[in-house]
Amino acid sequence: MPPVQPLLDPNSLTQFVDPLPIPEVARVSGYRPSPTGPTAKLPYYRFAMRQIEIKVHRDVKPTRLWGFDSSSPGPTIETRSGQGLLVEWANELPTTHFLPVDHSIHGAEADKPDVRAVVHLHGAKAPPESDGYPENWYVPGKSALYHYPNNQDAAMLWYHDHALGINRLNVVAGLLGIFVIRDSVEDSLNLPSGKYEIPLVIYDRMFDAQGQLYYPVSPDPKAPWIPEFFGDAILVNGKLFPYLEVEPRKYRFRVLNGANGRFFHLSLSNGQSFHQIGTDQGLLPTPVSLDQLVVAPSERADLIVDFADRAGEQIILKNDAFTVMQFRVSRNKIKDTSSLPSTLRPVPRILESEATKTRMLPLVEIDDRVMKPITMLLNNAHWNMPVTEDPVLNSVEIWNLINLTDDSHPIHLHLVRFQILDRRRFEPFTFKVRGVLKYTGNPVPPDANEAGWKDTVRADPGMVTRIIVRFEGFVGRYVWHCHILEHEDNEMMRPYDVIAAR
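Residues numbered from 1 in each chain as written. Predicted model: local features only at pLDDT ≥ 70, side-chain atom pairs only at ≥ 80, totals over all residues. Heavy atoms only, no water.

Peer 1: Would you explain the overall build of the protein chain in this entry?
Peer 2: Looking only at helices and strands, the protein chain features four helices and 31 strands. A compact globule built from 502 residues should have a C-alpha radius of gyration of about 23 Å, and the protein chain, at 22 Å, falls within 12% of that. Overall, the C-alpha framework of the protein chain stretches about 65 × 55 × 55 Å when taken along its three principal axes. Across the 502 residues of the protein chain, 60% fall into the buried class. Pairs at least 24 apart in sequence give 77% of the contacts found in the protein chain among residues at least 6 apart. Accessible area for the protein chain stands at about 19500 Å²; split by element, carbon and sulfur atoms hold 51% of it. (Helix = DSSP H or I, 4+ residues; strand = E, 2+ residues; numbered from the N terminus. Rg over C-alpha atoms; globule rule 2.2 N^0.38 Å. Buried < 20%, exposed > 50% of the residue type's maximum accessible area, 1.4 Å probe, protein only. Contact = heavy atoms within 4.5 Å. Areas by Shrake-Rupley, 256 points an atom, 1.4 Å probe, with all protein chains shown as cover.)

Peer 1: What is the right way to look at the nonpolar core in this model?
Peer 2: General note: in soluble globular proteins, nonpolar side chains tend to be found buried as a group. Ranked by internal contacts, the top residues of the largest apolar core, which has 98 residues, are Trp89, Ile202, Phe253 and Phe327. If near-sequence neighbours (up to four positions away) are discounted, phenylalanine 253 is found in contact with Ile198, Leu200, Leu244, Ala301, Asp302, Leu303, Val305, Phe307 and Phe327. (Core = buried A, V, L, I, M, F, W, Y, C linked by side-chain atoms within 4.5 Å.)

Peer 1: Honestly, the environment of glycine 261 in this entry has me stumped. Any pointers?
Peer 2: Position of glycine 261 relative to the elements: it lies in the loop between strand E15 (250-257) and strand E16 (264-268). Using a relative accessible area of 3% as the deciding quantity, one classes glycine 261 as buried. Measuring from C-alpha to C-alpha, the distance between glycine 261 and threonine 430 comes to 29 Å, with 169 residues separating the pair along the chain. The contacts of glycine 261, once residues within four sequence positions are left out, are Phe229, Phe230, Pro297 and Ile484.

Peer 1: Sorry, what's going on with unusual backbone geometry here?
Peer 2: Trans peptide bonds make up the majority, and among non-glycine residues the majority have a negative phi. Residue proline 73 follows serine 72 across a cis peptide bond; omega there is -5°. Inspection of the secondary structure puts proline 73 in the loop between strand E4 (63-68) and strand E5 (77-80). Of note, the phi angle at phenylalanine 16 is positive, near 60°, even though the residue is not glycine. Structurally, phenylalanine 16 is set in the segment before strand E1 (18-19).

Peer 1: Honestly, the sheet that holds strand E27 (residues 418-425) in this entry has me stumped. Any pointers?
Peer 2: Two pairing modes exist for strands in a sheet, parallel and antiparallel, and in both the strands are linked by backbone hydrogen bonds. With mixed pairing, the five strands of this open sheet are ordered in space as E24-E23-E25-E29-E27. Sheet topology places strand E24 (373-378) and E27 at the edges, where each strand pairs with a single neighbour. The mean angle between the axes of side-by-side strands here comes to 15°, regardless of whether they run parallel or antiparallel. The pairing of strand E23 (residues 355-367) with strand E25 (residues 396-403) spans eight bridges and is classified as parallel. From the neighbouring strand, leucine 363 faces E25, where its bridge partner is asparagine 403. (Pairing = 2+ DSSP bridges. Axes fitted to C-alpha atoms, helices over the stretch in contact; angles between N-to-C directions.)

Peer 1: Help me out: how do you make sense of the sheet that holds strand E18 (residues 282-290) in this one?
Peer 2: One open sheet holds the seven strands; their spatial order is E13-E12-E11-E15-E20-E17-E18, and the pairing between them is mixed. Bordering the open sheet on either side are strand E13 (239-240) and E18, each of which pairs with just one other strand. Direction of pairing for E15 relative to strand E20 (residues 300-306): antiparallel, over a ladder of seven bridges. In the strand pairing of E20, tyrosine 251 is matched with valine 305.

Peer 1: How should I be thinking about the pairing of E27 in this particular structure?
Peer 2: Look at any regular strand and the pattern is simple: side chains alternate between the two faces of the sheet. Of all eight residues making up E27, six are buried, and the element is well covered by its neighbours. Sheet topology places E27 next to strand E29 (residues 463-470); seven bridges connect them, and they run antiparallel. Within E29, the position partnered with arginine 423 by the bridge is threonine 465.

Right, dumping it as structure tokens:
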């Protein structure tokens, strides 16, 4: 539907006039008793979700956003493996939403408050009561205290809203931030650190001519949901076309695709290659040289870029034809003492013989009579149907993600990390009609930069994507879903139960 108000053309703006903002590191507010051992005291943080105004570009009027405390992305939480902490996520938002809520979507009916939130720490091995279950939302004036044990390897996680039926709107509004776990293995590698380690939270948005967020709607005023959101303005850490002044040396960039639906294809304008050293759940076994990085919504990539031979250059980070940001390499003489080791961290393979169950899980799109998507499903089930996935604690399962749609879906499992086994082309028609998997190609192993621990996997159309998962951590109810947020909000999310061994 054509927008009612005129939209901002990002290409009309002068590029590279704003420095890249770096989210501040959150400060501990105090110490509180641990829920698992009241004699132990854990660091306590309080993050308030608030309406704020931020300038996304020098020449754009301040934009109304929802952020944590006074920023979007919110402050970065830094911690260490095995050091638990507490976060109070407080809802101090207004009582009316400024983006279009679709009351026809399950979980967002007219009897529910338009403004509600619940925060999920994506990638965390957290107890179920601290996981941000989509129905555990709360309204302005309320808060939730969550416990994160952080018993997991060094990795960059991220936090974002997860409220059922309006998650896509709350994240577009600005409710996201990053959470970094460190450990002794990472410390020993002498990777670029301090001011040479920089988060790049990349996402797309649309703005109207007044600099305000614009979220498009369908032609049906009673059902404004759209199947995907793609913006024409790409922001990094909340800025349009920022620049970063760098020295001629190695840098570590912690990349997060925070977009609702856009897959990024990132490369450098001078054609230089770079190395990926880590993925969603931490370090890869060895660095992988890349000319282009493909990163799906919610995936993370840990990169080393060496500017040593680029003194005086101005290098653009590109996404296909889009300009993302600029690196300005100084001419300073620098002594770089950091390393790019040839081996990083072992990733012991989970053997297929360890699996006690294999699940066949179709990814389904339901269209109306004019072939417009109206609902997305996992395993042919709606959100409120009985749970069908119930792995036993500490057991290993193989999940076959059978993609019957025309989209690539980034599938995320809460609580766990997993490994990708392979992808294999199949005949969707035969599966739809007879429920039989008829393969039409050989298994394709994961890409080299997917060969680590993952929590989100790209399930490509017409392919069976196999992942192997050990369900470690906690007994309780979690969710698995597509991380295209428009899909997740319209039934492409299912609860699953981790159960105790009988």
